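# Breakdown of the fold
What follows is the residue order along each chain.
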Amino acid sequence: MSLPPVLGARFESSVQQAQSLKLKKYGIKDMSITATETGEVFHRLGQITRQLHDALQQLGYDRKIEHALNEMPDARSRLDYIARLTGEAAHKVLNSVDTAHHLQDEISQSAAQLQAKLVASSSPEAAEMNQFLDLMKKNSRLQKENLSDIVLAQDFHDLTGQVICRVVDMASTLEKQLLQLLLETNPQAHGEKVLPVKLAGPVVASNGRSDVVTNQAQVDDLLESFGF
Amino acid sequence: MGNSADIKFLIVDDFSTMRRIMRNLLKEIGYNNADEAEDGYVAFNKLVGGGFDFVISDINMPNMNGFELLAQIRAEPSLKLLPVLMVTAEAKKEDIVLAAQSGASGYIVKPFTKATLEDKLARILLKAKAA
């Protein structure tokens, strides 16, 4: 993006002044910077910073910063939502695995008990039944190994959750820095509300909101009020 | 430490999913006696109360992290010989070195397998028995 003429001229002037300071510094035999020169450098830095602030405002970057700032809480909220939902999903899987584990235990125990009763019998049917019960016990053991793998795979919630926590921390830090930058570039701007961009998708934070529903019962109630 | 099946574990992790996974795995391996704590602070208070034979701890936790918990355990005369296995997503070498220097009995990086956990537990318990 090219600078507007007024800013381009200011920038050119700043560069010339900085070059003049540099020449002055290297033109003297004593390389040390005097107190006056130090003061001059700080004065110039102050001017450049002010010009940068003005440029940000004139180019409309302060509005962009404010937009970015307003998006941050929403981004954090969405990440929290992901962490919560993945956690709930992991617990549902673990509950189902616990139930399946008990069922497999029952199957293998019943098979063993039945086999013990068949020991006395020497009929061909008993032998066939015995083979089938062996297969049941073997498959039950294999199923429990699969269940164990499923349990271990749920650690994705812990691992992704830790990454999400770090991203949320980063977003918080960035939010603070953007707010600081915004206040420095345009102290009045923070009072003006910039409407955030509405993103489609699930409601990630329903607390304190009356414009959303949180379950099917609320949907049905609403539809009922319209005569459905 | 009595019979291996009687060993009482304390699982320390801020993620409830991970605590549950660990409890399930311990059960599958043959250890049915386990309690849980969500951070180092809660864990240390439980440990001081007595009755625990083994600690399995995460590192990144709020209030008191795994390293701080380990330091507290090693500084407490009644707990200083307690086996502490660190199970964490931290795969940085400096963390592993720090854990070893701080007195951890073992270190497992997440994600891990049941076989890895079983192997580490067996080694640590064998060492503890010999000591």
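One can find the structure itself at the top, above this paragraph.
Quick look at the structure, then. (Residues numbered from 1 in each chain as written. Chains lettered and ligands numbered in written order. Predicted model: local features only at pLDDT ≥ 70, side-chain atom pairs only at ≥ 80, totals over all residues.)

### Overview of the overall build of chain A
Tallying secondary structure elements over chain A gives 6 helices and 0 strands in all. Within chain A, contacts between residues at least 6 apart in sequence are counted, and of these 77% link residues at least 24 apart. (Helix = DSSP H or I, 4+ residues; strand = E, 2+ residues; numbered from the N terminus. Contact = placed C-beta atoms within 7 Å.)

### Side note on unusual backbone geometry
All names here are of chain B. A cis amide bond, omega -5°, links Lys-110 with the succeeding residue Pro-111. Within the element layout of this structure, Pro-111 appears in the loop between strand E5 (106–109) and helix H5 (114–130). The phi dihedral of Asn-63 falls on the positive side, at around 65°, and the residue is not glycine. Looking at where Asn-63 falls in the secondary structure, it is placed in the loop between strand E3 (54–57) and helix H3 (66–75).

### Looking at helix H3 (residues 61–118) of chain A
With 58 residues, H3(A) should cover 86 Å at 1.5 Å per step; its first-to-last C-alpha distance of 84 Å lies within 8% of that length. Listed as buried for H3(A) are A:Asp62, A:Ile65, A:Glu66, A:Leu69, A:Ala90, A:Leu94, A:Val97 and A:Ala111. (Expected span 1.5 Å × (residues − 1). Buried ≥ 20, exposed ≤ 12 C-beta atoms within 10 Å, placed from the backbone.)

### Comments concerning the interface of chain A and chain B
The interface is formed by 14 residues belonging to chain A together with 13 residues belonging to chain B. Sorting elements by how many residues they give to the side of chain A that touches chain B places helix H5 (residues 156–185) of chain A first, with 5 residues. Taken together, the residues of the side of chain A that touches chain B sort by class into 5 nonpolar, 7 polar and 2 charged. (Nonpolar A, V, L, I, M, F, W, Y, C, P; charged D, E, K, R; others polar.)

### With respect to the pairing of E3(B)
Residues and elements named next belong to chain B. With burial as the criterion, each face of E3 is covered, one bearing Phe-54 and Ile-56 and the other bearing Val-55 and Ser-57. Alignment of strand E1 (residues 9–12) against E3, held across 4 bridges, turns out to be parallel. Each bridged residue has a counterpart across the sheet, and for Ile-11 the counterpart in E3 is Ile-56. With 3 bridges connecting them, E3 and strand E4 (residues 84–88) associate as parallel partners. The residue bridging Ser-57 from the neighbouring strand is Met-86, located in E4. (Pairing = 2+ DSSP bridges.)

### Here's the deal with H3(B)
Side chains of residues three or four places apart in an α-helix project in the same direction, reflecting 3.6 residues per turn. Residues and elements named next belong to chain B. Buried residues of H3: Gly-66, Phe-67, Leu-69, Leu-70 and Ile-73, and no others. The buried residues of H3 occupy one face: seen down the axis, they fall within an arc of 160°. Of the surrounding secondary structure, the elements contacted by the buried residues of H3 are E1, helix H2 (40–48), E3, E4 and helix H4 (93–101). (Arc of directions from axis to C-beta.)

### What to know about the packing of H2(B) against H3(B)
Residues and elements named next belong to chain B. Running from amino to carboxyl end, H2 crosses H3 at an angle of 25°, the nearest separation of the two axes being 9 Å. With respect to H3, the element H2 is oriented roughly parallel. Here H2 runs over H3; the crossing is right-handed. Two secondary-structure elements touch here, H2 through Gly-40, Ala-43, Phe-44 and Leu-47 and H3 through Gly-66, Glu-68, Leu-69, Gln-72 and Ile-73. (Axes fitted to C-alpha atoms, helices over the stretch in contact; angles between N-to-C directions. Parallel < 35°, antiparallel > 145°, perpendicular 65-115°, else oblique. Left-handed = near helix turned anticlockwise from the far one by under 90°.)

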